[in-house]
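# What the coordinates show
Chain by chain, the residues:
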Amino acid sequence: MIPWTDLSHRLDPRAPRIPIFPPPTFATVAEMPADPMTVSRMDMVVHTGTHVDAPCHFVAGAESIDEIDLSRLTGEGVVCRVDAGEDEVYGVEALLDRGLVRAGDIVVLDTGWWRHAGTPLYARHPSLSVELAQWLVDQDVSMVAVDTGTPDLPVPLRADGFTWPVHLILLGAGVLIAEHLTDLAPLSGQRVELILAPLNIRGSDGAPVRAVGRPLL
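What comes next is a walk through the structure. Bear in mind that the values here come from a model prediction, so they are computed numbers and not experimental data.

## What about the overall build of the protein?
- Within the protein, the secondary structure is distributed over 2 helices and 12 strands.
- In sequence order, the secondary structure elements of the protein are arranged as β-β-β-β-β-β-β-β-α-β-α-β-β-β.
- C-alpha extents for the protein along the principal axes are approximately 60 × 50 × 35 Å.
- Put simply, the protein has 217 residues, and 47% of those count as buried.
- Long-range pairs, those at least 24 residues apart, make up 73% of the contacts in the protein between residues at least 6 apart in sequence.
- Carbon and sulfur atoms make up 54% of the accessible area of the protein, which totals about 10400 Å².
- Within the protein, the 29 negative side-chain charges are centred at a point lying 5 Å from the centre of the 15 positive side-chain charges.

## Structural notes on the pattern of salt bridges
- Under the defined criterion, the tally for this structure stands at 8 salt bridges.
- Note that R191 is salt-bridged to D105, the shortest N-O span being 2.8 Å. Of the two residues, R191 is situated in strand β11 (residues 190-198) and D105 in the loop between β6 (89-90) and β7 (106-110); the sequence distance between them amounts to 86 residues.
- A relative accessible area of 12% means that R191 is categorised as buried.
- Owing to a relative accessible area of 2%, D105 belongs among the buried residues under this scheme.
- The network of salt bridges with common partners includes E76, D105 and R191.

## Here we look at helix α2 (residues 165-172)
- When we look at burial in α2, the residues that qualify are V166, H167, L170 and L171. What you see down the axis of α2 is that its buried residues fit within an arc of 110 degrees, all on one side.
- Those residues of α2 that are buried lie in contact with β4 (51-53), β8 (127-128), α1 (130-138), β9 (143-146) and β10 (176-179).
- One or two positions beyond α2, positive phi appears at G174, with a value near 80 degrees.

## Concerning a nonpolar patch on the surface
- Residues L11, F26, M42 and L199 make up a contiguous nonpolar surface patch of roughly 350 Å² in combined accessible area.
- Summarising the element assignment, F26 is placed in strand β2 (residues 25-30).

## A word on the packing of α1 against α2
- At a minimum axis distance of 9 Å, the contact between α1 and α2 shows a crossing angle of 10 degrees. Overall, the two elements α1 and α2 adopt an arrangement that is roughly parallel. Here V130, A133, Q134, L136 and V137 of α1 lie close against α2, whose contacting residues are P165, V166, I169 and L170.
- A class-by-class count of the residues in the contact of α1 with α2 yields 8 nonpolar, 1 polar and no charged.

## Structural notes on the side chain of H47
- Mapped onto the secondary structure, H47 falls in the loop between β3 (39-43) and β4.
- The class for H47 is buried, based on a relative accessible area of 5%.
- In this structure, H47 is in contact with F21, D53, H57, H180, D205 and G206, ignoring residues within four places of it in sequence.

## A few points about unusual backbone geometry
- Following M32, the chain continues into P33 via a peptide bond in cis, with omega recorded as 10 degrees.
- Take P33: it is sitting in the loop between β2 and β3.
- We note that W164 has phi near 55 degrees; this positive angle belongs to a residue other than glycine.
- Note on placement: W164 falls in the loop between β9 and α2.

## A few points about the environment of T119
- Position of T119 among the secondary structure elements: in the loop between β7 and β8.
- For T119, the side chain forms a polar contact with the main-chain oxygen of H116, separated by 2.6 Å.

## What about the packing of aromatic side chains?
- Overall, the coordinates contain 2 aromatic pairs when judged by the stated rule.
- A centroid spacing of 5.5 Å and a plane angle of 45 degrees characterise the contact between F58 and W164, whose relative ring orientation is tilted. With a gap of 106 residues between them, F58 in the loop between β4 and β5 (74-81) and W164 in the loop between β9 and α2 connect regions that are remote in the sequence.
- Under the relative-accessibility criterion, F58 is labelled partly exposed at 25%.
- Centre to centre, the rings of F162 and W164 are 5.3 Å apart; their planes meet at 70 degrees, and the pair counts as edge-to-face.
- Every member of this aromatic cluster is reached through a ring pair, and the members are F58, F162 and W164.

Analysis parameters
Residues numbered from 1 in each chain as written. Predicted model: local features only at pLDDT ≥ 70, side-chain atom pairs only at ≥ 80, totals over all residues. Heavy atoms only, no water. Helix = DSSP H or I, 4+ residues; strand = E, 2+ residues; numbered from the N terminus. Buried < 20%, exposed > 50% of the residue type's maximum accessible area, 1.4 Å probe, protein only. Contact = heavy atoms within 4.5 Å. Areas by Shrake-Rupley, 256 points an atom, 1.4 Å probe, with all protein chains shown as cover. Lys, Arg positive; Asp, Glu negative; His and termini not counted. Charge placed at Lys NZ, Arg CZ, Asp CG, Glu CD. Salt bridge = Lys/Arg side-chain N within 4 Å of Asp/Glu carboxyl O. Arc of directions from axis to C-beta. Patch = residues over 30% accessible without salt bridge, like charges linked within 9 Å, V, L, I, M, F, W, Y side chains within 5 Å. Axes fitted to C-alpha atoms, helices over the stretch in contact; angles between N-to-C directions. Parallel < 35°, antiparallel > 145°, perpendicular 65-115°, else oblique. Nonpolar A, V, L, I, M, F, W, Y, C, P; charged D, E, K, R; others polar. Polar contact = N/O pair within 3.5 Å; in protein donor to acceptor, adjacent residues only side chain to side chain. Phe/Tyr/Trp six-rings, centres within 6.5 Å; stacked < 30°, edge-to-face > 60°.

Dropping the structure here:
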């Protein structure tokens with residue numbers, strides 16, 4: 001059997017996040033041997049670390065994370081190599097493996113920026129153009145996953161009145177978004193099998209996910 005590759009960041013206080021969100025906190029509320037069991041507690045924004053955005057994150061009245069059918073969170077897809085650099089807004093031509101994309105796919109965009117997690121450069125990532133977002137909608141993909149904190153412009157480049165256009169195009173069309181994927185090298189440039197199953201949080205606009213993938217036979 002082909003082994004799975006873990007594509008998710010470990011959840012700890014250093015987990016990647018957009019700077020406007022507070023860091024996650026973790027505490028031990030009971031611990032053996034002083035207590036009969038060990039119990040941990042965490043407090044975090046659901047968009048911390050590797051996670052999936054539900055449509056209701058930006059579309060009022062749209063699906064919450066617990067309402068998403070599992071068929072949209074698992075299945076075939078492609079880890080598409082992206083030729084783009086720091087602060088660059090890239091289009092369809094930057095997708096080196098765009099010919100592998102099929103309707104219904106989970107499309108993972110591998111810019112290589114996952115390698116910069118934990119450094120200042122991680123916040124100056126490449127981002128999708130609105131034209132590329134619409135192209136992905138037109139391909140009828142089920143999810144777009146990125147190895148950065150957002151498919152939209154990096155926070156330092158946003159002007160006053162920024163409206164998250166890529167989120168609105170994708171989520172508005174029912175295309176899910178996953179953010180902060182990592183360790184994509186073993187799967188890059190290939191069609192793959194993917195599982196991105198978020199926590200089943202009632203009414204939530206997103207949830208942490210253990211993302212895994214493996215090459216298709």
